[in-house]
Amino acid sequence: MELLSGNEAIAQGAWEAGAHIGVAYPGTPSTETLEVFAKKDGVYAEWAVNEKVAVEVAVGASAAGARVLTTMKHVGVNVAADPLFTAAYTGVGGGLVVLAADDPGMYSSQNEQDSHWYARAACIPILDPANSQEAHDFTRDAFDLSEEFDVPVFIHSTVRVSHTKTPVETSVRQDHEIKEYQSDPAKWVMMPAYAKPRRKVQLERINKLRDWVESCPYNTIISRRSEVGVVCAGAVYEHVIEALPDASVFKLGVTWPLPNDALAAFADSVDSLYVIEEASEYLTESVRACGVEVSAFKHPLPQDGELSPGLIRKAFGLSEAVHAEAPQNIPPRPPALCAGCPHRLVFKELSRIKAIVTGDIGCYTLGALAPLQAMDTCVDMGASVSMSHGFEIALADKSHRPVVGVIGDSTFAHSGLSSLISTVYNNGGGTICVLDNRTTAMTGRQGNPFNGQTLQNRPSRELNIEAIVSALGVEDVRVIDPNNALAVRKALKEATANPMLSVLIFKSPCVLIDRIRKPAYVVTEACTSCGVCSTLGCPAISKRPETNQALIDPYQCIGCGQCPQYCAFGAIVSCEEGGLNE
Ligand SMILES: Cc1ncc(C[n+]2csc(CCOP(=O)(O)OP(=O)(O)O)c2C)c(N)n1
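Small disclaimer: the values here were computed from a predicted structure and weren't measured.

Colleague: Explain the packing of aromatic side chains to me, please; I cannot follow it from the model alone.
Modeller: Given two aromatic rings, their pairing is described by the distance between the two centres and the angle made by the two planes. Evaluation of the coordinates by the stated rule reveals 10 aromatic pairs. Between Phe 85 and Tyr 118, the aromatic rings sit 6.3 Å apart at their centres with planes inclined by 80°, giving edge-to-face as the arrangement. Separated by 33 residues along the polypeptide, Phe 85 in helix α4 (residues 74-90) and Tyr 118 in helix α5 (residues 116-122) bring together distant segments of the chain. Residue class for Phe 85 comes out partly exposed when judged on its relative accessible area of 30%. Measuring from ring centre to ring centre gives 4.8 Å for Tyr 274 and Phe 316, while their planes differ by 65°; the resulting arrangement is edge-to-face. Taken as a pair, Tyr 274 in strand β13 (residues 272-275) and Phe 316 in the loop between α13 (309-315) and α14 (344-352) lie far apart in primary sequence, 42 residues in all. Tyr 274 gets classed as buried once you look at its relative accessible area, which sits at 12%.

Colleague: Is there a simple way to think about the site of the ligand in this case?
Modeller: Near the ligand there are 26 residues, and of these Glu 51, His 343, Asp 409, Thr 411 and Ala 441 occur at the shortest range. A distance of 2.6 Å separates an oxygen atom of the ligand from a polar side-chain atom of Asp 409. One of the backbone nitrogen or oxygen atoms of Ser 410 is found 2.9 Å away from an oxygen atom of the ligand. Notes on the ligand: free accessible area 590 Å², of which the protein chains cover 98%. Those elements giving two or more residues to the shell around the ligand turn out to be α4 and α16 (409-425). Residue-level mapping places the shell around the ligand at the junction of two domains, with at least three residues from each of domain 1 (2-215) and domain 3 (344-507).

Colleague: Honestly, empty space enclosed by the protein in this entry has me stumped. Any pointers?
Modeller: Rolling a probe over the atoms, with the probe sized like a water molecule, indicates the empty space that remains. What the rule picks out here adds up to three cavities of 30 Å³ or more. When its volume is computed, the largest cavity comes out at roughly 230 Å³. Lining of the largest cavity is provided by 21 residues; of these, Asp 114, His 116, His 156, Thr 158 and Glu 278 occupy positions nearest its centre. Put simply, the parts of the chain that give the lining of the largest cavity at least two residues each are β7 (153-158), α10 (235-243) and α12 (282-289). Of the residues belonging to the lining of the largest cavity, the class tally is eight nonpolar, seven polar and six charged. The residue makeup of the lining of the largest cavity includes at least three contributed by each of domain 1 (2-215) and domain 2 (220-315).

Colleague: In this structure, what is going on with the sheet that holds strand β10 (residues 225-233)? I would like to understand it.
Modeller: Backbone hydrogen bonds hold the strands of a sheet together, and the pairing may be parallel or antiparallel. Spatial strand order, β9-β11-β10-β13: four strands in an open sheet with mixed pairing. Each edge of the sheet is formed by a strand with only one pairing partner; in this case those strands are β9 (220-222) and β13. In this sheet, adjacent strand axes meet at a mean angle of 20° when their direction is disregarded. As judged from the four bridges shared by β10 and β13, these two strands associate in the parallel manner. Looking at β13, one finds that Val 230 is bridged to Tyr 274. Together, β10, β11 (247-252) and β13 form the strand contacts of α12, whose direction differs from that of β13 by roughly 140°.

Rules used throughout
- Residues numbered from 1 in each chain as written.
- Predicted model: local features only at pLDDT ≥ 70, side-chain atom pairs only at ≥ 80, totals over all residues.
- Heavy atoms only, no water.
- Phe/Tyr/Trp six-rings, centres within 6.5 Å; stacked < 30°, edge-to-face > 60°.
- Helix = DSSP H or I, 4+ residues; strand = E, 2+ residues; numbered from the N terminus.
- Buried < 20%, exposed > 50% of the residue type's maximum accessible area, 1.4 Å probe, protein only.
- Near = heavy atom within 4 Å.
- Polar contact = N/O pair within 3.5 Å; in protein donor to acceptor, adjacent residues only side chain to side chain.
- Areas by Shrake-Rupley, 256 points an atom, 1.4 Å probe, with all protein chains shown as cover.
- Domains from an automatic or database assignment.
- 1 Å grid on protein atoms, 1.4 Å probe; cavity = no way out; pocket = protein on both sides within 12 Å on 5 of 7 lines; lining within 4 Å.
- Points joined across faces, edges and corners; volume = space filled by probe spheres on them.
- Nonpolar A, V, L, I, M, F, W, Y, C, P; charged D, E, K, R; others polar.
- Pairing = 2+ DSSP bridges.
- Axes fitted to C-alpha atoms, helices over the stretch in contact; angles between N-to-C directions.
- Contact = heavy atoms within 4.5 Å.

Next comes the structure, spelled out in C-alpha cells:
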C-alpha cells in the first residue's frame, strides 16, 4: 500500500499496464503524471511542444503497436481536439489512454471547462476515478479497454483527484510486447473514402460500449435510504457521501456513455433523483437524455467553482456543516512575480510607455496585476502574438499607444511560433517580446525546445530563438538582458518606434534556477520614502511602517540588481552598480 496522489497513481497504473511510451505538454493539474511516469523502469517519455503534437505522437506510437499514455490539462484538450476526434475513427493499435485533468474553481487556469463534453462529442469513453486507488485501477484497465474497443480512452480527473494523496494498492508491471505493425490504410488514412466506413465502425462501437457500460465494474450503487438518490462521479462522490450519509448514490465510474437502463432502474428505486456535479451541466443533461427525471435542489447548487460537502448540504436545505470551515482571517498571499524575476522590468517599462500589451499564459501573466498592471489581454497560449496582430490591423493609425505582444519561451514554442509566422506572412508590424527565462517556469520548470532539456535527460539540442525568428525574415531581432533597466527601456523605445515587426528576446534564467547572489539593502539615511521601488511589485520590498521608507527582506531578496536601478537617491545598494531615474 502506498500513499499516492491521483497523478502518481495514474502514472503507476499506466506503468503496471505495460505502457511503453508517455508524451505530454505540462499543464496544472496534470503535470506530475508524466514526470512520475518518466522515472519508471523501461519506459520512454517526452515533453512535446504542445498537446496537439503530444496526441499525434501518441497516436503514431499507438498505430505502431505501443501502449501509450498522454496527459494534459482541460484547455490542452482544446488544443489536442483535432487529432483526438479523428483518432476516435481510426481507433488504436496499442492501447491509447488520454488523461484530461480539469480545474473547477480555476486555481491555475484561464477557464473551467468540463472535459466530459469532449468525450461525448468525440465518442471517446471516459472513466472518472474518485480517488487515487481508482485513478490507478481505472488507468491500468483503460489500456485493455482501449484495445478491446479499438478506441482511445479518456481518464478524467480534477484538481482534488490529481493532487490529493490517498492509499493505493499497487502491483507489478504486466509486460506487453509492442505489437507488430501492419500497414492498414483503410484504418489509418482518414480521407473520405476510408473515413466514411470508419464512421460506421465508430457507430457500431458506440452500441457495443452502451451494452458494456450497463454492467461494467466501474459504476457502483451505494444503497442506503430510498428518499434521496444521487448520481455523481469523480471527486464529487467523496463530497456526496460525506454530506449526505443517508442518500443512496449511483457512483458513475464511466461518464460517457451512460448506462441508460441501470440509471432508470436506480431512479425507480428512489423517491427523488438528483445529479450533483461541479461547474457543469454535462451530467445533468446526460442523465435527463437517458429519460430519467432529475429533481431540482431546494437551493440551486453553484454553477461555477468546486463543490464541498457544505455546499451540497446547503442545496438540500441542511444547515449544519459536516466539518469546520477554514478560518477566514488567514493573511492573504496574493500571487506575484518572484523576487528577482527577470520578467519584472519588462512590465515596469511597458507600463511606463503605456503600451497596449497583449499578454499570454505563464508566470509573466502576473504582469497584469498591481502595481505593474501592464497587460491588456490574456486569452490562451500563443494568443499574445496573434492578438497583437489583430490589434495592429484594427487600430491601424488610430492609436498613439504602441502594441506589444508578450510571450514566454515555452509558450512561444507551444503556439506563438505559428502565430508569428502568420504575422510575418501578412506583413504585420508591432513588437513581440519573448521572455526567455530558460524554462517552463509556471508549471514547475519543465524542459522545452529553447533550453534543450528533455524529460528523461536524453541528448537534445537547444533551439536558438533569435536564429529562428531571423530565419522567418524578421529584420529587427535583438537579445536583451531583462535585468538591465536601461537596456530594456532603450530596446522597447526603439522597437515600438519601428513601423516594421520587431522581436525582442529578453534572456535571463528564472530565479528558481539561478538564485545565488547577495541580497540588496536600503541605506536608511538616503531613502526619501519616494516609493518608486515599490512600483516594481517585488515581494522582497516593503515599507517601514513609521517612515514609509523602503525595507528589503534579506530572506526574499536574491540581489537581482533590478531595484537599485530605479532609486534616484542611491539608497538601495547591491553588488550591481548603476541608476535609472523614473
Ligand atoms: C493549452 C494549455 N496548455 C498548458 C497550459 C499550462 N501552462 C500555462 S503557462 C505554461 C507555460 C509557461 O511557460 P513559459 O511560456 O516559458 O513562461 P514562464 O512561466 O516560464 O514565465 C503552461 C504549460 C495552458 N494554460 N494551456
